[in-house]
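# Coordinates in review
One letter stands for each residue in the lines below.
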Amino acid sequence: ILKKPAQVTSLRFTSRADRLVLDEETIRNLEIFRTFRGDTGEGSLIHHIDETLTAMGRRLLEQRLAEALTNLEQINLWHAGIDSALQDRAWRDDLRSTLRKVGDLERLAARAASGRIGPLALRQVGHSLEALSELQNSAPENGHQLHPIVGWLGQVASFKELSTTILQRISDEAPATVRK
């Protein structure tokens, strides 16, 4: 008997009119993710441009390469935001330092929703949410409203209280599984 995953509440079709969705053959011919020989790494586009620090960032980059934006206004906003980060090295370094503290929240959230998250992973959620709170507080203060991450953080609820609760209640030496 197949059981419906608890985290899947509905399915809906979304039109990708705002994206240029590339088919597999085009992706292969452009060597975006793999070389013609099928190798990952050197020779592929992503190898040369990927400087992401998180698994979520890597997946977003892959999505952006496979489904490029087509709306010129959105593209210009994205480029202006990236340019603002490139012009302010101190802020960019702070941003990267904070992002290093963020775990793979997408995967951790899926494990939590399915009830398969252990204390150690839950503590990582706490650290990640704490880092997001740091970003929410620092990004607008530094005058980088154009950067895409600042806009995204403005739409995210504050998890400061939750992160504090998790980190206070789960020990630094938390085991990976509940059984231990």
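What counts as what
Residues numbered from 1 in each chain as written. Predicted model: local features only at pLDDT ≥ 70, side-chain atom pairs only at ≥ 80, totals over all residues. Heavy atoms only, no water. Helix = DSSP H or I, 4+ residues; strand = E, 2+ residues; numbered from the N terminus. Buried < 20%, exposed > 50% of the residue type's maximum accessible area, 1.4 Å probe, protein only. Contact = heavy atoms within 4.5 Å. Areas by Shrake-Rupley, 256 points an atom, 1.4 Å probe, with all protein chains shown as cover. Lys, Arg positive; Asp, Glu negative; His and termini not counted. Charge placed at Lys NZ, Arg CZ, Asp CG, Glu CD. 1 Å grid on protein atoms, 1.4 Å probe; cavity = no way out; pocket = protein on both sides within 12 Å on 5 of 7 lines; lining within 4 Å. Points joined across faces, edges and corners; volume = space filled by probe spheres on them. Nonpolar A, V, L, I, M, F, W, Y, C, P; charged D, E, K, R; others polar. Salt bridge = Lys/Arg side-chain N within 4 Å of Asp/Glu carboxyl O. Core = buried A, V, L, I, M, F, W, Y, C linked by side-chain atoms within 4.5 Å. Polar contact = N/O pair within 3.5 Å; in protein donor to acceptor, adjacent residues only side chain to side chain. Phe/Tyr/Trp six-rings, centres within 6.5 Å; stacked < 30°, edge-to-face > 60°. Lys NZ or Arg CZ within 6 Å of the ring centre and 35° of its normal.

### Topic: the overall build of the protein
For the protein, the helix and strand inventory stands at nine helices and two strands. Ordered by position from N to C terminus, the α and β elements of the protein give β-α-α-α-β-α-α-α-α-α-α. Its C-alpha atoms give the protein principal-axis dimensions of roughly 50 × 50 × 35 Å. Residues counted as buried form 27% of the 180 residues belonging to the protein. Of all intrachain contacts in the protein linking residues separated by at least 6 positions in sequence, the fraction that spans at least 24 positions is 64%. Counting every atom, the protein has about 12,600 Å² of accessible surface; 53% of that belongs to carbon and sulfur. Averaging the coordinates of the 24 positive side-chain charges in the protein and doing the same for the 24 negative ones gives two points 9 Å apart.

### Details of the layout of surface pockets
Roughly 2,000 Å³ of volume is contained in the largest pocket. What lines the largest pocket is a set of 42 residues, among which Leu60, Trp78, Ile82, His147 and Pro148 lie closest to the centre. If you list the elements that add at least two residues to the lining of the largest pocket, you get helix H3 (55–66), strand S2 (67–69), helix H4 (72–87), helix H5 (89–99), helix H6 (105–113), helix H7 (119–141) and helix H8 (148–155). When the residues that make up the lining of the largest pocket are grouped by side-chain class, the tally is 24 nonpolar, 10 polar and eight charged.

### Topic: the pattern of salt bridges
Across all of its chains, the model carries 11 salt bridges by this definition. Notably, a salt bridge pairs Glu134 with Lys101, separated by 3.2 Å at the nearest N-O pair. Residue Glu134 is found in helix H7, and its partner Lys101 is found in the loop between H5 and H6; the two are separated by 33 residues along the sequence. When salt bridges with common partners are traced through the structure, they connect Arg59, Asp104, Glu106 and Arg107 into a single cluster.

### Observations concerning the nonpolar core
If you look at the biggest cluster of nonpolar residues, it comprises 19 residues, and the most contacted ones within it are Val125, Leu132, Leu135 and Ile149. Ranked by residues supplied to this core, first place goes to H7 with six residues.

### Quick word on the side chain of Arg19
Looking at where Arg19 falls in the secondary structure, it is placed in strand S1 (residues 19–21). Non-local contacts of Arg19, meaning those with residues more than four positions away in its chain, are made with Gln63, Arg64, Glu67, Ala68, Leu69 and Thr70.

### Some details on the environment of Arg37
Secondary-structure assignment places Arg37 in the loop between helix H1 (24–29) and helix H2 (45–49). Each C-alpha atom of the pair Arg37 and Asp88 lies 39 Å from the other, and the pair is 51 residues apart in sequence. Polar side-chain contacts of Arg37 include one of 3.4 Å to the side chain of Asp39.

### Concerning unusual backbone geometry
Positive phi outside glycine occurs at Glu31, with the angle close to 50 degrees. The topology assignment puts Glu31 in the loop between H1 and H2.

### Topic: the packing of aromatic side chains
In the structure shown here, the tally under the stated rule is zero aromatic pairs. Here Arg64 stacks its cationic end above the ring of Trp78, 4.4 Å away from the centre of that ring.

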